[in-house]
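The residues making up each chain are set out below.
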Amino acid sequence: MHLTSTMMTTSLILIFLLLMSPILSSFSPTPLPLNWALTQVKTAVKWAFFTSILPLCLFLNEGTETIITSWTWMNTHTFDINISLKFDIYSIIFTPVALYVTWSILEFASWYMHADPNMNRFFKYLLIFLIAMIILVTANNMFQLFIGWEGVGIMSFLLIGWWYGRADANTAALQAVVYNRVGDIGLIFAMAWIATSLNSWEMQQMFTLSKDFDLTYPLIGLIIAATGKSAQFGLHPWLPSAMEGPTPVSALLHSSTMVVAGIFLLIRMSPMLENNQTALTICLCLGALTTLFTATCALTQNDIKKIVAFSTSSQLGLMMVTIGLNQPQLAFLHICTHAFFKAMLFLCSGSIIHSLNDEQDIRKMGGMHHLTPFTSSCLTIGSLALTGTPFLAGFFSKDAIIEALNTSYLNAWALFLTLLATSFTAIYSLRVVFFVSMGHPRFNPLSPINENNSTVINPIKRLAWGSIIAGLLITSNITPLKTPVMSMPFLLKVAALMVTIIGLLTALELASLTNKQYKPMPNLSPHHFSNMLGFFPMVIHRLIPKLNLILGQTIASQTVDQTWLEKMGPKATATLNLPLITTTNNIQQGMIKTYLSLFFFTFGLALLLLLY
Amino acid sequence: MASAYLTHQQKVLRLYKKSLRHLESWCIFRDKYRFYACLLRARFDENKTEKDMVKATMMLKAGEEEFWTNQHPQPYIFPDSPGGTSYERYECYKVPEWVLDHWHPSEKAMYPDYFSKREQWKKLRNQSWEKEVAQLEAETPAVGPKSEALPPARKEGDLPPLWWQFVTRPRERPT
């Protein structure tokens, strides 16, 4: 067998073994050592990251992509389900990125959760999540992908509801599960369609056979699945609610890895997606709507984690727009760069929150640049990368996406929404940095704040390096599959940058107005719309259960009895006959005028019939 | 004596405090907040010597309506207050003390001093339980207790009623 594919499979199996070994060691009857989380789990993920560099180097050197089918699992005469692993460009690059980010987050979590009595269980859950995520990205068939898909959903539920004594946390965990379930309906429908029409769940067979079919229905199913998992508009409220979980959970699941699973699914299915204009247009419009709506919601939030959550949702909308532009590789590039700076933003927020004794409201932060200079600098670097500052990580993906959007013959409305959302990104990023790092502290100086702990600083430092150079590294080593448009008018080329700078200047102006004593509160209606998240959760979370309950009540109390007695049975006879009876009765009341009018009416009718 | 009805003074002061809190949510910077807080205080102080209760109640009503229209949709809530971000966060670690009885003997053997003392305390609790119940039954009026406060021990050598629940209560902040 070819040496490269052997080495790739070996390294992936090694990665799985490295990740599984702490979990297997936790099954032993002896109690776990106190620093099990720090020594075993974090070290396992670190070594798994270094192991995953090997397939990456092999791929960069030789350009080989491998598909390994390693175990025939459930096979019938007509349908095969195997364990098969796909090492294409997407999984080879995503695995090291995910492992690097997870390594940093685990190191941070060992500080953040050090007072938690169940810290070992927390790390175990994070590890199981990571394994499910890697199963998802390396899957070569839909069944294996579904295993990973559900696995990350379940771990998300367990981790959001980590502090289960809190009612809001339980509500948020349930909300995440229910919204993901609605998305799963789409995925299962797509899987069923593919199984019945294409007779296989293996990706190669699906892509080859699907050329002759009209794929609109399964693709809409996949888009619904991505809407649920990646928090697109309509199924998005679970993502800001998921901030009830501890900050390491928000950093790992709800910014870098789990929420991109939906977009990753669409990227995997891009050979099926690229010929179907309907599906592409749906992606484009849905993504544009999502990115603008969530960016609007982020403008007036006051909880730092919620702002970053809405920022994640906005970037996911941007990734969906990219898929709608038929540029899956650009979407993947944005997934990788976004993982770095978003995880770093969450870690910086977590560090600040922990230093301020669980204070999450930016109205009670301030002046952190003097107290935690490194953390606030990394917050600024992350925000700059997010807004697409030239030559940081976000620039390579975001600018390329906006250029592709500008130069394509597509929906101008989607373009406008996306550009507006890009400027909003600059505004809320500046808002966070302004209220957190700048100015004077607005909190009580109760406990001394410092950055002396290396378990906090080193992860943030690593992710900062990633935020700065990841974009450059990935773009300089990967050949793009689609040629980017190289020549365009100057205005289109700098559109993203100009829109961001306009947003930045507007935000600076608004921030300076906040400080002056013009009026205490803003013009209320747009602020209310944004602050109350467009009233979407309030309306939907009440309307849909209410409709279901009314339906249930109608069925239970009225449908059976009322239908059989009044609509179909005895009373119906009376109801049907009564108008006829009353009309006939009214005619024969003995009034001459009635008889005369009837006579003339029938006379006229008979005349008409005779003449024609 | 407190009753279910609020006095006018209580209502005005509640309106003042919640107006200040919502003003603090709107005016983020402290100097600007202090400016508007002083203006608000002046508005309240202007009418504080009003003797006509009808007029005062109408002003209070107008004030409440003004508060309703100008309130902040996401007022600042302290993290440990109801609705805050870390409210009830550590409830899951507040395990009741009877769980200690269900520990495995090998686990109990790790803390022999504590568990031997615990046996003595449990014996003491069994002895004093009847007396606690008797005291509570004697002191509670027929319609039911007036408040949640427990009475102290009345007799010499007695323990206060329901002392075990108090002594073994979980810490406010377990971690």
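Here the structure is a predicted model, which is why all the values come from computation and not from measurement. (Residues numbered from 1 in each chain as written. Chains lettered and ligands numbered in written order. Predicted model: local features only at pLDDT ≥ 70, side-chain atom pairs only at ≥ 80, totals over all residues. Heavy atoms only, no water.)

(A) Main features of the overall build of chain A. Helix and strand content of chain A: 26 helices and two strands. Across its three principal directions, the C-alpha atoms of chain A cover 105 × 75 × 65 Å. Residues counted as buried form 56% of the 612 residues belonging to chain A. Sequence separation of 24 or more characterises 80% of the internal contacts of chain A that already satisfy a separation of 6 or more. As presented, chain A carries roughly 26,800 Å² of accessible surface, and 70% of it is formed by carbon and sulfur atoms. Side chains of chain A carry 29 positive and 24 negative charges; the gap between the two charge centres is 8 Å. (Helix = DSSP H or I, 4+ residues; strand = E, 2+ residues; numbered from the N terminus. Buried < 20%, exposed > 50% of the residue type's maximum accessible area, 1.4 Å probe, protein only. Contact = heavy atoms within 4.5 Å. Areas by Shrake-Rupley, 256 points an atom, 1.4 Å probe, with all protein chains shown as cover. Lys, Arg positive; Asp, Glu negative; His and termini not counted. Charge placed at Lys NZ, Arg CZ, Asp CG, Glu CD.)

(B) Spatial organisation of the UniProt feature "domain: NADH dehydrogenase subunit 5 C-terminal" (unreviewed entry) in chain A. UniProt records the feature "domain: NADH dehydrogenase subunit 5 C-terminal" (unreviewed entry) at residues 428-609 of chain A, using the numbering of this structure. For residues 428-609 of chain A, the helix share is 74%, the strand share is 0%, and the end-to-end C-alpha distance is 79 Å. (UniProt positions renumbered as here; feature names shortened; annotations may be inferred.)

(C) Region of the structure containing the UniProt feature "domain: Complex 1 LYR protein" (unreviewed entry) in chain B. Taken from the UniProt record, the annotation "domain: Complex 1 LYR protein" (unreviewed entry) applies to residues 10-68 of chain B. Note that residues 10-68 of chain B is 85% helix and 0% strand, and that its end C-alpha atoms are spaced 18 Å apart.

(D) Quick peek at unusual backbone geometry. Residues and elements named next belong to chain A. Of note, the phi angle at asparagine 199 is positive, near 60°, even though the residue is not glycine. Unusually for a residue other than glycine, asparagine 326 sits at a positive phi of about 65°. Relative to the assigned elements, asparagine 326 resides in the loop between helix H14 (304-324) and helix H15 (328-355).

(E) Here's a closer look at the packing of helix H3 (residues 89-112) of chain A against helix H10 (residues 247-256) of chain A. Residue and element names in this part refer to chain A. Across the interface, H3 lies against H10 with an axial gap of 9 Å and an inter-helix angle of 165°. When the interaxial angle is binned, H3 and H10 end up roughly antiparallel. Crossing of H3 over H10 shows right-handed handedness. Taking contact as the criterion, the partners of Phe94, Val101, Thr102, Ile105, Phe108, Ala109 and Tyr112 in H3 are, on H10, Thr247, Pro248, Ala251, Leu252 and Ser256. Here the contact of H3 with H10 is composed, by residue class, of nine nonpolar, three polar and no charged. (Axes fitted to C-alpha atoms, helices over the stretch in contact; angles between N-to-C directions. Parallel < 35°, antiparallel > 145°, perpendicular 65-115°, else oblique. Left-handed = near helix turned anticlockwise from the far one by under 90°. Nonpolar A, V, L, I, M, F, W, Y, C, P; charged D, E, K, R; others polar.)

(F) Spotlight on helix H2 (residues 30-46) of chain B. With 17 residues, H2(B) should cover 24 Å at 1.5 Å per step; its first-to-last C-alpha distance of 24 Å lies within 8% of that length. Here H2(B) has its buried residues at B:Lys32, B:Tyr33, B:Tyr36, B:Ala37 and B:Leu40. Looking down the long axis of H2(B), one finds its buried residues gathered within 125° of arc, a one-sided arrangement. Tucked inside the fold, the buried residues of H2(B) contact helix H22 (495-515) of chain A together with helix H1 (8-26) of chain B. (Expected span 1.5 Å × (residues − 1). Arc of directions from axis to C-beta.)

(G) Quick peek at the packing of aromatic side chains. All names here are of chain A. Applying the stated criterion across every chain yields a total of 42 aromatic pairs over all chains. Arranged with centres 5.7 Å apart and planes meeting at 25°, the rings of phenylalanine 108 and tyrosine 112 form a pair that is stacked. You can see phenylalanine 108 and its partner tyrosine 112 sitting in helix H3, four residues apart, about one turn around the helix. Accessibility expressed as a relative area gives 0% for phenylalanine 108, which makes it buried. The residue whose ring lies beneath arginine 462 is tryptophan 103, and the NZ or CZ to ring-centre distance is 3.9 Å. (Phe/Tyr/Trp six-rings, centres within 6.5 Å; stacked < 30°, edge-to-face > 60°. Lys NZ or Arg CZ within 6 Å of the ring centre and 35° of its normal.)

(H) Representation of the domain arrangement of chain A in the model. Residue and element names in this part refer to chain A. The domain boundaries assigned to chain A delineate domain 1 (521-567) and domain 2 (568-611). Look at where the C-alpha atoms of domain 1 and domain 2 centre, and you get two points 46 Å apart. Together domain 1 and domain 2 conceal approximately 440 Å² of surface at their shared face, both sides included; 57% is due to carbon and sulfur atoms. Of all residues in domain 1, Trp564, Leu565 and Glu566 give up the largest surface area on contact with domain 2, accounting jointly for 72% of the area buried on that side. Our enumeration of links across domain 1 and domain 2 arrives at zero salt bridges. Remark: the boundary between domain 1 and domain 2 carries three residue pairs in polar contact (both at pLDDT 80 or more). Looking at the side of domain 1 that touches domain 2, its residues break down into two nonpolar, one polar and two charged. (Domains from an automatic or database assignment. Buried area = accessible area lost by both parts, 1.4 Å probe. Salt bridge = Lys/Arg side-chain N within 4 Å of Asp/Glu carboxyl O. Polar contact = N/O pair within 3.5 Å; in protein donor to acceptor, adjacent residues only side chain to side chain.)

(I) Summary view of the interface of chain A and chain B. Listed as interface residues are 37 residues of chain A and, on the opposing side, 33 residues of chain B. Buried surface at the junction of chain A and chain B, summed over both partners, amounts to about 3,300 Å²; 56% is from carbon and sulfur atoms. Looking only at chain A, the three residues that lose the most surface to chain B are A:Arg166, A:Asp358 and A:Arg363, adding up to 20% of its buried area. At the junction of chain A with chain B, the criterion picks out three salt bridges. Close ionic contact of B:Arg89 with A:Asp358 constitutes a salt bridge, the shortest N to O distance being 3.6 Å.

(J) Looking closely at the pairing of strand S2 (residues 80-87) of chain A. Residue and element names in this part refer to chain A. Most of S2 is tucked away, with six of its eight residues classed as buried. Here strand S1 (residues 66-75) runs beside S2; their pairing, made up of eight bridges, is antiparallel. Each bridged residue has a counterpart across the sheet, and for threonine 69 the counterpart in S2 is serine 84. Between the end of S1 and the start of S2, which pair antiparallel, lie four residues. (Pairing = 2+ DSSP bridges.)

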